[in-house]
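One-letter residues, chain by chain:
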Amino acid sequence: MNTDFDVVIVGSGPAGSSTAEHAALGGARVLVLERKKVIGEPVACGEYMPHLDEIKASFPRAEDLDPVFDIPSSLISREIDLIRILSPSAHGFDVPFRGYTTDRDRFDKYLASKAVKAGAVIRTSSQVTSVKEGEVSTRDETYRAKVIVGADGPISKVAMGLGLPRNPEMYPAVTSQAVGDFEPIMEMHFGGLAPGAYAWVLPKKNGANVGVGVAPNFSGGRVGDYFQDFLRMRKLEVKGRPIGKYVPSNGPVSRTFTSSGLLVGDAAGHVMAVNGGGIPIAMICGRIAGRTVADHLKNGVPLSQYEESWRRQIYKPLRTAVHTKMLASLFFGGPRRLEFSMRFLGERRMGNILRCRPSFP
Ligand SMILES: Cc1cc2nc3c(=O)[nH]c(=O)nc-3n(C[C@H](O)[C@H](O)[C@H](O)COP(=O)(O)OP(=O)(O)OC[C@H]3O[C@@H](n4cnc5c(N)ncnc54)[C@H](O)[C@@H]3O)c2cc1C
């Protein structure tokens, strides 16, 4: 039984590395266990990040965001100032929205390097096989820890092991890298080519990240087939095979803590239901989680404070996004209804929706 660490974090995505960095900065002995051989690889992500001013507009109650999103310019692949939302008939609605694409593998490595610099230990090729209160096991070793953090993505083994709720609704999405020249505009395609979600084109320095998500209750086929149809329709050529993963789509789970464990990021359903984006929230909640864990170990502060804190700072916009998505699902059923509702909404209200605000008034 290994007792070298106070905190064991499962997963070295944005949620795990951010939690690790801040727990270590607060003086905790932190271990991160990651099943991948190389952090961030392969990439299963659209690689889009909103600029800080957009994150602040979406999450106005989130505290002190500047240091969290002080991202080196070398991690910006392409600046994107416009989102073009395309209806089933390919009518385009142009919504000004400031963001950029990154290289997600390099982005995750950067966050992991900050955690290591703060004092955390990261072990790759370490798949966690079982979790119970106070104990985490890989095939080779069992760790005893005062706190266990589940930052292990949408299908969380830690949530199951700690008896916490798991994401009740998810949809599959696949992505790949397209070759060619692209305007600096993000495309979001809605309708039959991506039922219940959307297909995207996200320009990068070289080529573009392209992908499709489909909600199982609206689609009759496999996400990979929708992806191939989208490539044909949009005349895209990709290099490499498509990589897929699940996107939580029902907002945060109902409880994210026990007396000695936490869930963060996708494991906690920290995803914007209107667009599937989760990197910024994983980073915001990771910092809250890391600080709470350090405070718990040093001063006995209960871990419930983590949940109080993230709910106060980001829950309202996430809940609004879930409500918007529920409303939208009434229109996903048929292309004519979807076309009508998109024209009715127009650019301004679509901008509100993208920023997790109510579409009305
Ligand atoms: C196709 C697709 C496109 C997306 N595009 C965007 C986008 O453009 N912008 C955006 O903001 N969000 C996007 N998202 C969502 C975003 O990727 C997630 O919200 C984000 O990665 C959440 O970070 P995380 O750290 O919680 O989880 P993850 O990034 O999933 O990290 C979890 C880590 O845990 C590890 N792990 C899992 N189980 C174990 C185990 N048993 N033992 C050890 N390690 C384990 C995994 O290997 C992984 O490294 C997209 C998602 C998908 C599927």
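For every chain, the first residue of the written sequence is number 1, and numbering continues from 1 along that sequence. Restriction of local features to residues with pLDDT of at least 70 applies here, the model being predicted, together with a cutoff of 80 or more for giving and counting side-chain atom pairs; totals for whole chains, interfaces and linings are based on all residues. Side-chain metrics rest on all non-hydrogen atoms present in the structure, leaving aside hydrogens and water.

One key point about sheets: their strands pair by backbone hydrogen bonds, in either a parallel or an antiparallel sense. Read across the sheet, eight strands follow the order S3-S5-S4-S12-S13-S14-S11-S15 without closing on themselves; strand pairing throughout is mixed. The open sheet has two free edges, formed respectively by strand S3 (48–50) and strand S15 (237–248), since each of these has just one partner strand. Between one strand and the next, the sheet's axes are offset by a mean angle of 30°, whatever the strand orientation. Strands are treated as partners if at least two bridges between them are detected by DSSP. Labels follow the DSSP assignment, with helices taken as runs of H or I lasting at least four residues and strands as runs of E lasting at least two, numbered in each case from the N terminus. Of the strand pairs in this sheet, strand S4 (residues 78–86) and strand S12 (residues 185–189) are connected by five bridges, and their pairing is parallel. What sits directly across from Leu86, in S12, is His189. Every residue pair with non-hydrogen atoms within 4.5 Å of one another is taken to be in contact. Interaxial angles span 0 to 180 degrees and are taken between N-to-C directions of axes, which are lines fitted to C-alpha atoms, for helices over the stretch in contact. Against the sheet, helix H5 (residues 223–233) touches strand S11 (170–179), S12, strand S13 (199–203), strand S14 (208–213) and S15, its axis set at about 130° to S14.

Now for the side chain of Glu21. Mapped onto the secondary structure, Glu21 falls in helix H1 (residues 14–25). By relative accessible area, which is 13% here, Glu21 ends up buried. Once you skip the residues sitting within four places of it in the chain, Glu21 turns out to touch Lys114, Ala115 and Ala118. Only protein chains enter the accessibility calculation, which uses a 1.4 Å probe; a residue whose area is less than 20% of its type maximum is buried, one above 50% is exposed, and one in between is partly exposed.

On the surface, Phe340, Phe344 and Phe360 cluster together into a nonpolar patch covering about 360 Å² of accessible area. Of the residues examined, Phe360 reaches a relative accessible area of 41% and is grouped as partly exposed. Put simply, a patch holds well-exposed residues, over 30% relative accessible area, that have no salt bridge, with like charges counted together within 9 Å and Val, Leu, Ile, Met, Phe, Trp or Tyr side chains within 5 Å. Accessible surface is estimated by sampling points in the Shrake-Rupley manner with a 1.4 Å probe; for residues, cover comes only from the protein chains shown. Salt-bridge detection follows one rule: a side-chain nitrogen of Lys or Arg within 4 Å of a carboxyl oxygen of Asp or Glu.

Side-chain rings of Phe, Tyr and Trp (the six-membered ring for Trp) are treated as a pair once their centres are within 6.5 Å; stacked means planes under 30 degrees apart, edge-to-face means over 60, and tilted covers the remaining angles. Tallied over the full model, the rule gives four aromatic pairs. Between Phe340 and Phe344, the ring centres sit 6.4 Å apart and the planes meet at 10°, which makes this aromatic pair stacked. Here Phe340 pairs with Phe344, and both are found in helix H8 (residues 335–354), just four residues apart, close to one helical turn. Classification of Phe340 as exposed rests on a relative accessible area of 59%. A cation over a ring is seen here: Arg255 above Phe257, with NZ or CZ 4.1 Å from the ring centre. A ring has a charge above it when a Lys NZ or an Arg CZ is no more than 6 Å from the ring centre and no more than 35 degrees off the ring normal.

Burial within S13 is extensive, with five of its five residues counted as buried. Alternating positions in S13 separate into two faces, Ala199, Val201 and Pro203 on one and Trp200 and Leu202 on the other, with burial throughout. Sheet topology note: the S12/S13 ladder contains three bridges and is antiparallel. The partner of Met188 across the bridge, within S13, is Trp200. As paired elements, S13 and S14 share five bridges and run antiparallel to each other. Bridge pairing in S14 links Trp200 to Gly211.

From the geometry alone we can't say anything about function, so treat these as descriptive.
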